[in-house]
Amino acid sequence: MRGGLALLAATAIVAGCAEGGDPAGAGTDPAPGQQAGEAAPQVRALHSYADRLRAEQTARVAAARRWGLRKVPLTPPAPPAKKPGITTRDGFEVRDHGELGLPPVFTTVPTRDKVVFLTIDDGAEKDPGFLRMMRELRIPYTAFLSDYLIRDDYAYFKRMQATGVTLNNHTLHHPYLPGLSYGRQRDEICGMQKVIRERYGRSPTLFRPPYGNYNRDTLIAAKSCGVKYAPLWDEEVFADHWEYREWDRDLHPGDIVLSHFRGRGDWKGTMPDMVRRFLNKVTEKGYAVARLEDYL
């Protein structure tokens, strides 16, 4: 916000110069085609924009206090104009991965932006407080859904989608895919593509295999169903603790963070408790939360 206001101030000075002009030229007629006082609406628009920025920041401060955060979450940078190249993480390849053009499997997005990405799996818990919290704090996240867990309340995820969240594929029944034949894997993945397309109006391009387990058939099937990316994760956050893939047990620019739609029946806390733990850590470390799809 400070950067935006600084830009506005600089622009207003320029507009003011255009409005006031050189004192030596005071009282002269406007140039052909220019209306007297033309800069005034521009200045009013800039002031209106600045007021809106201040109001949004005030709302974020109030929401952070209301939801018990230690600090106000940081605002992510604008999405990159040039998307980073996404490749499969070393050691995560399958045979002929590149030759077949299979979806890349990755845990981190290559970026220098100090951002992380929150992804939430399955759909078991449907906490209205979670939707309210994320909406009020304006925190982006990506959902990976399984039909057998969401079919009792498709409307909950429709409300989620209406806030800008992308709904992605986590299979129909959350099986251990490497234990299935190619045909059954394809049924699981393509079947979930169909559910999301029919219920939510679009076919996902992101797919996460259950448990993070896959084989060559998984990725061939996913590609045949229209999947372009298979993001995994680098950290996992729960209501009461974090788990890490890397030896340094820390966050890194572009890391994908996993969580689940869970409540007190499975966790020592609620989904808002999980979000609170997540945001307190990433904000303290100087990271903003960005939208994964903006980098793909």
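Notes on the structure follow. Just so it is clear, the model here is predicted, and its values are computed rather than measured.

It is at 11 Å that the axes of helix α3 (residues 128-137) and helix α5 (residues 154-162) come closest, and there the two elements cross at 5°. It follows from the interaxial angle that α3 and α5 lie roughly parallel. Contacts from P128, F130 and L131 in α3 reach Y156, R159 and M160 in α5. For the contact of α3 with α5, the residue count by class is five nonpolar, no polar and one charged.

Counting buried residues along strand β2 (residues 115-122), eight of its eight residues qualify, which places the element largely inside the surrounding structure. Looking at chain direction, β2 and strand β9 (residues 288-289) are connected through two bridges and run parallel. Paired with V116 across the two strands is V289, which belongs to β9. Pairing of β2 with strand β8 (residues 256-260) involves five bridges; the strand directions are parallel. What sits directly across from D121, in β8, is H260. Strand direction decides the pairing type here: β2 and strand β3 (residues 142-145), joined by four bridges, are parallel. Bridge assignment links I120 to a residue of β3, and that residue is A143. Note that the unit made of β2, α3 and β3 has a crossover that is right-handed.

About the criteria used
Residues numbered from 1 in each chain as written. Predicted model: local features only at pLDDT ≥ 70, side-chain atom pairs only at ≥ 80, totals over all residues. Heavy atoms only, no water. Axes fitted to C-alpha atoms, helices over the stretch in contact; angles between N-to-C directions. Helix = DSSP H or I, 4+ residues; strand = E, 2+ residues; numbered from the N terminus. Parallel < 35°, antiparallel > 145°, perpendicular 65-115°, else oblique. Contact = heavy atoms within 4.5 Å. Nonpolar A, V, L, I, M, F, W, Y, C, P; charged D, E, K, R; others polar. Buried < 20%, exposed > 50% of the residue type's maximum accessible area, 1.4 Å probe, protein only. Pairing = 2+ DSSP bridges. Right-handed = clockwise from strand over helix to strand, strands pointing away.

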